[in-house]
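Breakdown of the fold
The residues making up each chain are set out below.
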Amino acid sequence: MDLEKLRETAAEVVAREDVKYLIGWKNGSYGYRVAPAFIEDAEGAAELIFSPLCISNLSTYLTLVEKLPLPRGQEPDTRKIALMVKGCDSRAVTQLLVEKGIERDGVVVIGCPCPGMIDYDLLAEKYPETEGLSEVKWTDDGFLVIRDGEETNVTRDELLAEKCRLCRYPNPLISDIMLGEPVETWEPAEDKGVEEVDKKDVNGRWAYWEEQFSNCIRCYSCRNVCPLCYCQDCILDRLNPTWVNRAVNFSENTAFNIARAFHLAGRCIECGECERVCPANIPLGRLNRKMAREVRDKYGFEPGLDPEAEPFQASYKPDDPEDFIL
Amino acid sequence: MSANNEPNIVAFLCNWCSYAGADLAGTSRVHYPSNVQVIRVMCTGRVNPLYVMNALQQGADGVLVSGCHPGDCHYMEGNYYARRRLGMLKDLMEFVGVDPRRFHMSWVSASEGHKWKEVVEKTVEDAREAGSFEGFRRRQIDW
Amino acid sequence: MTDKPKVGVYICHCGINISSTVDVEAVEEFALKLPSVKVARTYSYMCSDPGQALIKEDIKEQGLNRIVVASCSPRMHEPTFRKAIQEAGLNPYFLEMANIREQCSWVHEETEEATAKAKKLITASVAKVRLLEALEAKEVDAEPAALVIGAGIAGIQAALDIADAGFKTYLVEKTPSVGGRMAQLDKTFPTLDCSACILTPKMVDCASHPNIELLSYSEVEEIGGYIGNFDVKVRKKARYVDFDKCTGCGECAAECRVANRIPNEFDQGMGKRSAIYLPFPQAVPAKYTIDPENCLYLSKGKCGKSPKCQDVCGAEAINFEQEDEIVEFKVGAIIVATGFDPFDASRKPEYGYDDYPNVITGMEMERLVSASGPTGGKVMISNGEEEIEPKEIAFIKCVGSRDESVGNEYCSRVCCMYTAKQAHLIRDKLPDANIRIYYMDVRAFGKGYEEFYDRVRRENVRYIRGNPSEIFKRGNKLVVKAENTLTSTPVEDEVDMVVLGVGLEPRAEMRKVMDLLRLSQSPDKFFLEAHPKLRPVDTATDGVFLAGCCQGPKDIPDTVAQAKGAASSALIPLARGKVTIDAQVAEVNEATCRGCGFCVEICPYTAIEMTTVNRFGHEVEVARVNEALCKGCGSCSAACLSDSIQPKSFRDRQILPQIAALGVLK
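Residues numbered from 1 in each chain as written. Chains lettered and ligands numbered in written order. Predicted model: local features only at pLDDT ≥ 70, side-chain atom pairs only at ≥ 80, totals over all residues. Heavy atoms only, no water.

A look at the interface of chain C and chain B
How big an interface is tends to be stated in terms of the accessible area lost upon association of its parts. Each partner contributes residues to the interface: chain C has 61 residues there, and chain B has 55 residues. Together chain C and chain B conceal approximately 4900 Å² of surface at their shared face, both sides included; 57% is due to carbon and sulfur atoms. As a salt-bridge pair, Glu78(C) and Arg40(B) come within 3.0 Å of each other at their nearest N and O atoms. Applying the counting criterion to the chain C and chain B interface returns 21 residue pairs in polar contact (both at pLDDT 80 or more). (Contact = heavy atoms within 4.5 Å. Buried area = accessible area lost by both parts, 1.4 Å probe. Salt bridge = Lys/Arg side-chain N within 4 Å of Asp/Glu carboxyl O. Polar contact = N/O pair within 3.5 Å; in protein donor to acceptor, adjacent residues only side chain to side chain.)

What follows is the structure, encoded as structure tokens:
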């Protein structure tokens, strides 16, 4: 992507009177770090980047913004928020529209066609982080890693993130401004992660998740990063009634993770952020992708494609599958 | 599971069809196992799928949700919503490794006292085969 | 909740219905140890006056504020006990019932297991009752009008009663005339009144009654709303005849190009009619109708040079451009009187109904003996070769009734008597005929029925006990093959005519009415009443009542009695002018609602709307419930990701402790 064009566009957008700020990506403080950027002026816009390291889904910030109590007489700031989205991120925006989490005219969506992101863990393992800033760029058939001035060409297969291997929507599905030309889509890979669990027997699956969920420290990073976990007051935090105890143990951790996965069924747009941020390395993506697959295969529904769609969990079809009913 | 090795089952029944069907089984003096404890709700649409998880966590070895046949819901559509939600939950639970024999859903109408007996028997038998679900129990259960 | 919960647990013996299987004393002792329980008692009949007094006294003297009654199903006595605790000054919704009869003592045999289960159920009830909230039932105005669906004798009677009480009644009939099945009957048992003679005045009354709006040749399309406020949409089908202009002279029918070529439904297809027709001479309204399927002009677009009916109609009533009309109105109560279908004798192929013209059904016999029937009341039948006056006549009873092979286990209740009546009528017309009736049992249970049966037997009608296995042809005779089970002898009986005593079945199209009104079927597939004994005309849908054979086979007196019962039940909300709407409706916690609108999408009653509220200076959308429309199903609640919408009395915080209580007690 042409960074000059990106920065120029961003500067124009933030200069608009009806735009409050723009959320994009900028370089972090060292190594491969990329940070979210909240841009309000041209100077800030000059810092924006779009690279294979911009894996984070910024749409979560749309609903994270706190609506603090306003002093009497003060009008709320209703200006638009501009947001840079990849294909997957754009589905989160669409799903938020379906759920009325945001309003269409409350956002300016800047679409970034995405050739695929890098798996940070793989990258850092092979090419350890440096003190100074490193860069990664797309090449025709892979990535170019630049560390301390040293350039290394890497094949796409070597470093492509799992969610991008499985990706079916690399181009933003909703946007007000599209940066650059759409990328060519690719054949999504088989979901080996889900299959690995699927092919175990029921006890094997329980044992697998028992091990995983036992590691959960209930930091709620998964919930915080998820663009679709945006209830101000999550039921899993409540005491009356208590759905899940706060105690960190296998039973409560499992209940928490089942509840979260269920709440995301038919809503998750597979951006993979939960799994990426999990400090305990729980493969949460498998859980959510499995549900997304069931919803797609059995119910013929995919969230985040159509802002006018009926929400999956608030609709039914008379011929929904019922082979499980006695 | 209790000392006599019997599975403990919680059932959520809609008021209009399945609860009435279970009442009819009583009026008809149809005998069936006593392991199933019924919680009455107005409609299966009321059954939050997380109740199933919660029941298994809080001492149940099996859970049953039963409502009106499709098209017969007293509230027109509640059982359709329930079917979708609970179907999803069943898939999720199976993927997590909860024995599918621990959760059943059925359609039992107000006139199907005998079907209610069959559903209870099947649910109990399946839960018995699946065994106690101590592994998932909440450490301390208060009410 | 202000008061600390003080729970009383009342365990009913129900005579010995509960106490013979459940150790009620042990349960009482157990209940006393449960948290918040202050009082536990057992009593022989909790629902009796002294039983209720026990509860009321404890509420007053022990300061109880929550009550658990462990007895029969809440579907039986919840209203009873709600009323009782209300009389003692408690909110009626501070009650929870543990069903230890229908779902415990009656279904478990061992005292040990039944007692253990009763303890669990009571524990769960105690867990919930402590957390129940005080609710207040509200009242809304009821529309002072009723809808009656079906204008057979049941619908006519119900409509007349409601109209006579001074309320507007919409009587909707699918066919062009009121009258229903009773209009087709010749004489009625056991009194032998002429059916038309007693029915016709009522038909005329209901058409001329100032309070009745008769919508004949019409079908109910949609019903929305709830008791007191149903919204009804009716389709008035095009008759292609101007209702107001038609004088009923009948010249059109006489001139019709397909006159006397179309099987007449009223005569069970034995007589013929025109494409423009009056179903029968006494039809009400006496207005002609064009049957669009058989009318040449409507089905083929051409009828000679011009349609003859149009040519001859002096009143210029024929209107081929007429279209269906949709009528909408509001009513407070609905009576379903959609009747029955006679059993289709083709489903018993061994009786040869489809093969032999001289095997006929009871309904056809009615038309055959009727003076207004296709033969003018002469009993003549074709034996396949010629029209004859039958000499040897056999009746077979229980065709399609008490027969598992066709899925009908029930007794149709009228066949014993109508075969006896028809035998008598034939005896009148053919004094020399040999008449025999093949039967399994004779059920002559009504007033004057046994006497009538005796009379018919004395008229030289032979009753042969045995269910024929087969009917076949031999020469120009029919052979009825059976076993006389009283003498254990096989019978091969040569006859000229067989009358099948077909039973009554639910209407083929009753599914449509079920869907319109959310009605259920009982195992016999007729409509299910709210309680088989104590609420025989009510349904599970408040404000909807049943009359006549749609609820189960009935003779005319029973049908009329039920119709009058349904009318008086329907009159309750109309006369009161108000209906109580349930207090157990959904409520939104606007502070946590995230405004996603899932509940709005789900609600089948459009009882939820999004509304803008000001949350500390910010405008946010939240859901709000219209309590008059909410039915308390809770479907919204299970989809609410933030648990912000909850049905009162069935809140998560009331149900989860129930679940936990059942889990703790293994």
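After that view, the rundown keeps rolling.
Side note on the sheet that holds strand β20 (residues 359-361) of chain C
Residues and elements named next belong to chain C. The five strands lie next to each other as β20-β29-β23-β24-β25, forming an open sheet whose pairing is parallel. Two strands close off the open sheet at either side, each with one partner strand: β20 and β25 (461-465). For this sheet, the mean angle separating the axes of adjacent strands, direction not counted, is 25 degrees. In the sheet, strand β23 (residues 392-399) pairs with strand β29 (residues 497-502) via five bridges, with the strands oriented parallel. Note on β29: the bridge partner recorded for valine 399 is valine 502. Sitting on the sheet, helix α11 (residues 362-369) is in contact with β20 and β29, with an inclination near 90 degrees to β20. (Pairing = 2+ DSSP bridges. Helix = DSSP H or I, 4+ residues; strand = E, 2+ residues; numbered from the N terminus. Axes fitted to C-alpha atoms, helices over the stretch in contact; angles between N-to-C directions.)

Notes on the sheet that holds strand β7 (residues 168-172) of chain C
Residues and elements named next belong to chain C. Strand order in the open sheet formed by five strands is β10-β7-β6-β18-β31, with parallel pairing between adjacent strands. Sheet topology places β10 (212-215) and β31 (544-546) at the edges, where each strand pairs with a single neighbour. Averaged over neighbouring strand pairs, the angle between their axes works out to 20 degrees when direction is ignored. Both β7 and β10 contribute to a ladder of four bridges, which runs parallel. The residue bridging leucine 171 from the neighbouring strand is leucine 214, located in β10.

What to know about the domain arrangement of chain A
Residue and element names in this part refer to chain A. As far as domains go, chain A holds domain 1 (3-178) and domain 2 (192-314). Between the C-alpha centres of domain 1 and domain 2 the distance comes to 24 Å. Contacts between the two partners involve 23 residues from domain 1, matched on the other side by 27 residues from domain 2. Here domain 1 and domain 2 share an interface that buries about 2100 Å² over both sides, 51% of which is from carbon and sulfur atoms. Considering only the surface of domain 1 that becomes buried against domain 2, Arg91, Gln95 and Val98 emerge as the three largest contributors, covering 25% of it. Seen at the junction of domain 1 and domain 2, the total is three salt bridges. In this structure, arginine 289 engages glutamate 162 in a salt bridge whose closest nitrogen and oxygen atoms are separated by 3.4 Å. At the boundary of domain 1 with domain 2, the tally comes to 11 residue pairs in polar contact (both at pLDDT 80 or more). Secondary structure elements with two or more residues in the side of domain 1 that touches domain 2: α3 (60-64), α4 (87-98) and α7 (162-165). Top element by residues in the side of domain 1 that touches domain 2 is α4. It accounts for eight residues. Broken down by class, the residue content of the side of domain 1 that touches domain 2 amounts to 10 nonpolar, eight polar and five charged. (Domains from an automatic or database assignment. Nonpolar A, V, L, I, M, F, W, Y, C, P; charged D, E, K, R; others polar.)

Brief notes about the interface of chain A and chain C
Every contact between the two is made by 24 residues of chain A and, on the other side, 19 residues of chain C. Counting each side, the surface lost to burial between chain A and chain C is near 2100 Å², with a carbon and sulfur contribution of 63%. Viewed at the interface, chain C and chain A are joined by one salt bridge. Between chain A and chain C we count six residue pairs in polar contact (both at pLDDT 80 or more) in total. Per-class residue counts for the side of chain A that touches chain C are 13 nonpolar, four polar and seven charged.

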